[in-house]
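Next come the chains, spelled out residue by residue.
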Amino acid sequence: MSAEHPAASTARRHVLLALKVVVSIVLLVVLFSKIDVGRLWTIARQASVRWFGVALAIYSLNMIASTWRWHLLLAAQEVDVRRRWLLGSFLVATFFNNFLPSNIGGDVIRITDTAKPARSRTLAATVVLVDRGLGLMALVFVAAVGASAAGAVHPAALPIWPVWLWAGFLAGAAASAPAVFAPAGFSRLLQPLTVFHPEWVGNRIEKLTEVLMRFRARPGDLARCFATAVFVQSTMVLYYFSVAHALHLNVSLSDIAVIVPISFVVQMLPVSFGGFGVREATFSIYFSRIGQPIESAIAMSLVGQALIIMFSLIGAAVYVSRRRH
């Protein structure tokens, strides 16, 4: 039985991966069957290389700000790691995120790289989890701001009402508040989990409580981290705005501030390979609702992702360099 279990698990992962690839291919085939491929090629061929350079510069700023936020969270836990090392780790994680079926691979890299200086894998994992949570809340916040601005121009085109995004943001803040402001009470809520493995789970809950108590003692750092997370998500909006300029697309900044965060949320669903197909479909639906051609949506989505993938190859170089040393 024990010898068959790993094989069955591997087979299940391969089947799920195959299904994700099929979903991505089917969605892309359906989208391409509805567009003028010649027009799509014309949009890409007439792109501005200068604006692509601006987009990559903004994405570089996004990486630096993301690394600074991670460093600030680790410093709040009294973990001393050089920012240069963290930047390299973040670049490697970005490479794995873009070339693996999910973002889990990138998170594993970040946790592994900081577990030793943190002297605890649980602490390193908790910091990455908090970093992810702040990023998600900032994502919803930026989407809510963008939807509120875009709603004043064409409210009927919005895929979701701004009030729902604001409600989601406030609900997320309310749900996470007990973990930060009352870590002892939060740990008591987790105690029923010890039924699975009293000693192992109990130790992890105790460590988690210590981590959360240190965060509670430094609320200013958490506030700065959230502000940085908002900045990071805003740079992604500006990144796609630059891509739109490079492709000579007539799309407003407020519309991009709506569709980019929403597309990121949709890509979190484990139904596609790297978000391909799902991301383009999300862009296409929104562009159609604001009177823009589907070709523009697909061009913006594919070119934007292609630049990110190209940038992430820096992470591959860092990874190879680490292995050699």
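All values derive from a computational prediction rather than experimental measurement.

Novice: Would you explain the environment of V54 in this entry?
Specialist: Inspection of the secondary structure assignment puts V54 in helix α3 (residues 49-76). The spacing of V54 and Y239 is 185 residues in sequence and 8.0 Å in space, taken between C-alpha atoms.

Novice: I would appreciate a short explanation of the packing of helix α11 (residues 253-267) against helix α12 (residues 278-289) in the present structure.
Specialist: For any two helices packed against each other, one specifies the crossing angle of their axes together with the interaxial distance. Two elements in contact, α11 and α12, have axes separated by 9 Å at closest approach and are oriented at 150°. With respect to α12, the axis of α11 lies roughly antiparallel. Note on packing geometry: the crossing formed by α11 with α12 is right-handed. Side by side, α11 and α12 meet where D255, V258, I259, V260, I262, S263, V266 and Q267 of the first sit next to V278, R279, T282, F283 and Y286 of the second.

Novice: So what exactly am I meant to see when it comes to the environment of E280 here?
Specialist: Its place among the elements puts E280 in helix α12. Given the relative accessible area of 0%, E280 is considered buried. Between the C-alpha atom of E280 and that of I294, which follows or precedes it by 14 residues, the distance is 9.3 Å. If sequence neighbours within four positions are ignored, E280 has contacts with L28, L31, G275, S301 and L302. Only 2.7 Å separates the side chain of E280 from the side chain of S301, close enough to count as a polar contact.

Novice: I would appreciate a short explanation of the confidence of the model for the protein in the present structure.
Specialist: Interpretation of this model should avoid reading the predicted coordinates in detail wherever pLDDT is low. Across the protein, the average pLDDT comes to 86, with 93% of residues at or above 70. The lowest-confidence element of the protein is helix α8 (residues 183-190), averaging 74 in pLDDT; the highest-confidence one is α3, averaging 95.

Rules of the game
- Residues numbered from 1 in each chain as written.
- Predicted model: local features only at pLDDT ≥ 70, side-chain atom pairs only at ≥ 80, totals over all residues.
- Heavy atoms only, no water.
- Helix = DSSP H or I, 4+ residues; strand = E, 2+ residues; numbered from the N terminus.
- Axes fitted to C-alpha atoms, helices over the stretch in contact; angles between N-to-C directions.
- Parallel < 35°, antiparallel > 145°, perpendicular 65-115°, else oblique.
- Left-handed = near helix turned anticlockwise from the far one by under 90°.
- Contact = heavy atoms within 4.5 Å.
- Buried < 20%, exposed > 50% of the residue type's maximum accessible area, 1.4 Å probe, protein only.
- Polar contact = N/O pair within 3.5 Å; in protein donor to acceptor, adjacent residues only side chain to side chain.
- pLDDT = per-residue confidence, 0-100.

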